Every structure is written in C-alpha cells, then in structure tokens.
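# Residue-level structural notes
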Amino acid sequence: MTTADLGFTHRFVPSSGAAGITLLLLHGTGGNEDDLIPLGRELLPGAALLSPRGRILENGMPRFFRRLAEGVFDQEDLKRQTAELARFIDGASRKYGIENDRIVAVGYSNGANIAASLLLTHPDVLAGAALFRPMVPFRPQTPPKLTDVPVLLAAGRSDGIVPAEQTSALAEILRVAGADVSIHWHAGGHELGQDDLTSASNWLARWGGAR
Ligand code: MLT
C-alpha cells in the first residue's frame, strides 16, 4: 500500500520471515516507490521493504535531490534532502515497528547517490548499503565514522553516465571512513544485469550484519 505521510510518498512491505533487516529501496531518476519492490523481494526474500519516492521533480520525473546538469549536483538541495530522508527513516522505523532492524539501503543511480550521501552525512542510520551505479555525491571534509559498515558498489565498466574513476573515488572515500567496501564490475553500462543482482544477493546473504 502507498501512503503519503512522514514527508515522503512511500510503500512499506512488512517482513514475511527473514526478520531483522529492512531494505530501504531508493529508485533512480523517473522511478517511484513501486520500482524496486520486485528487486528487494529477489535480493532478500521475506525482508521488510521500505520504499520512498523521491520528492524532487525534474521534468515530471521523481528524483531524490536536484541536479544542475548530468552528474552535477545541487549540493544545498542534496544536503537538505538527505536530512529529510534520514528523518523519514527515523519516523518510519517507529511507525512500522522496525526500530531494532538493521536498515540496509539498496539504491540505483540517483537512489544510490542519495544513499551514499546518507552514509557520509548520517553514518549511524544505515547498517549497510548496496549501491548500483553510484557516483561521488560530494567529498566530505572529514571522514565520517563508518567502521566496518559493509558497502557494495555495483558499477558498469562501460557506463556512459558514471565513469569508472567515480566508482574508485567513492570506494576510496568510503574505505578511508572505515567501511568494508566490495566492488562488483558489470561488463555493460548503466542498466543492471543479472550478474549485478546475483552479486548483491550473495553480498546480502554473506553479510549477516556485523552491526
Ligand atoms: C541519474 O540519472 O539519476 C544520474 O545518473 C545520477 C544522479 O543524477 O543522481
């Protein structure tokens, strides 16, 4: 069911077995709260799913924060929207009774970018993150404390939107912060392949949750 409270139109799917982990699903530009539900079900069957819709509209397409051009982000808005998302997660955790769950972000493209921003600005909110085709949202002046937080970066070797150096730079930023970073390289571009999904579900299964 879709609801519009807590500041974000969103869907919540309660856990049907695998307790303890809630996947926070963050769609790409032009997506919505329904997009990644099948992906979440496939990656971690039975996990609770929390799926907000980005609040910014770019030519009618929902996003999680404004951009000035492809790959050029409105940093003020990114900061504001990241804080709003953190507030939403807190409110949703109480509303849906998942306060004790580990929240693991699963984000694609623009959704992966706001998840990366959340890791860097609110390091206590996420217990881990699977980021599909992420970029560097910004470079933190001081590294946040992400000691042993597991992060998977799934990048496309011939991604026309995210150059490989962006993936390496983000991995480095997260590693300096102490995160346990794995990288999966997909042979194609920005679109996801089955190998991306297999890599993420293996990562989630291995993960077990150190936090
Ligand atoms: C997108 O289209 O979503 C971009 O590649 C990433 C972004 O703007 O955050």
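Above this text you will find the structure in question.
So, a few notes on the structure that sits alongside this text. (Residues numbered from 1 in each chain as written. Predicted model: local features only at pLDDT ≥ 70, side-chain atom pairs only at ≥ 80, totals over all residues. Heavy atoms only, no water.)

### Quick look at helix α2 (residues 75–95)
Where we set the bar: Where helices and strands are cited, they refer to DSSP runs of H or I of at least four residues and of E of at least two residues respectively, numbered from the N terminus. To estimate the expected span of a helix, subtract one from its residue number and multiply by 1.5 Å. The classification of residues rests on relative accessible area computed with a 1.4 Å probe and restricted to protein chains. Under 20% of the type maximum is buried, over 50% is exposed, and intermediate values are partly exposed. Contacts described as polar in this section are N or O atom pairs within 3.5 Å, which, within protein, must combine one atom able to donate a hydrogen with one able to accept it, while residues neighboring in sequence count only if both atoms come from side chains.
For α2, built from 21 residues, the straight-helix expectation of 30 Å at 1.5 Å per residue is met to within 8% by its first-to-last C-alpha distance of 30 Å. Taken together, the buried positions of α2 are occupied by D77, L78, Q81, T82, L85, A86, F88, I89, G91, A92 and S93. The residue sitting at the N-terminus of α2 and contributing the capping side-chain oxygen is D74; that oxygen lies 3.2 Å from the backbone nitrogen of E76. A positive backbone phi angle near 70° is found at G97, which sits one or two residues after α2.

### Remarks on the environment of G156
Worth spelling out the cut-off: It only takes one pair of heavy atoms within 4.5 Å for two residues to be counted as in contact.
Relative to the helices and strands, G156 resides in strand β11 (residues 150–156). Separated by 18 residues in the primary sequence, G156 and L174 place their C-alpha atoms 19 Å from one another. Excluding residues within four positions of it along the chain, G156 makes contact with R133, W185, H186, G188 and G189.

### Thoughts on the site of the ligand
What counts, and what does not: In these notes, residues near a molecule or strand are those with any non-hydrogen atom within 4 Å of it. In this classification, the charged set is Asp, Glu, Lys and Arg, the nonpolar set is Ala, Val, Leu, Ile, Met, Phe, Trp, Tyr, Cys and Pro, and all remaining amino acids, among them Gly, are polar.
All residues adjacent to the ligand are T29, R63, F65, R67, E70, F73, S109, N110, N113 and I161. Between an oxygen atom of the ligand and a side-chain N or O atom of T29, the distance comes to 2.6 Å. In the model, an oxygen atom of the ligand is placed 3.2 Å from a nitrogen or oxygen of the R67 side chain. Considered class by class, the residues forming the shell around the ligand number 3 nonpolar, 4 polar and 3 charged.

### Quick look at the packing of aromatic side chains
Note the cut-off: Stacked, tilted and edge-to-face pairs are distinguished by plane angle, under 30 degrees for stacked and over 60 for edge-to-face with tilted covering the rest, among Phe, Tyr and Trp rings (Trp via its six-membered ring) whose centres lie within 6.5 Å. Only when the NZ atom of a Lys or the CZ atom of an Arg is both within 6 Å of the ring centre and within 35 degrees of the ring normal do we say a charge sits over the ring.
Applying the stated rule across the entire model yields 3 aromatic pairs. When the centroid spacing of 4.1 Å and the interplanar angle of 10° are considered together, the rings of F12 and Y96 count as stacked. With a gap of 84 residues between them, F12 in strand β2 (residues 10–13) and Y96 in the loop between α2 and β9 (102–108) connect regions that are remote in the sequence. Since its relative accessible area comes to 14%, F12 is described here as buried. For the pair F65 and F73, a centre-to-centre distance of 5.0 Å together with 85° between the ring planes defines the contact as edge-to-face. Residues F65 and F73 agree in their burial class; the two are buried. Residue placement shows R55 over the ring face of F8; its charged tip is 5.0 Å from the ring centre. In this arrangement the basic side chain of R63 is found over the ring face of F65, its NZ or CZ atom lying 5.2 Å from the centre.

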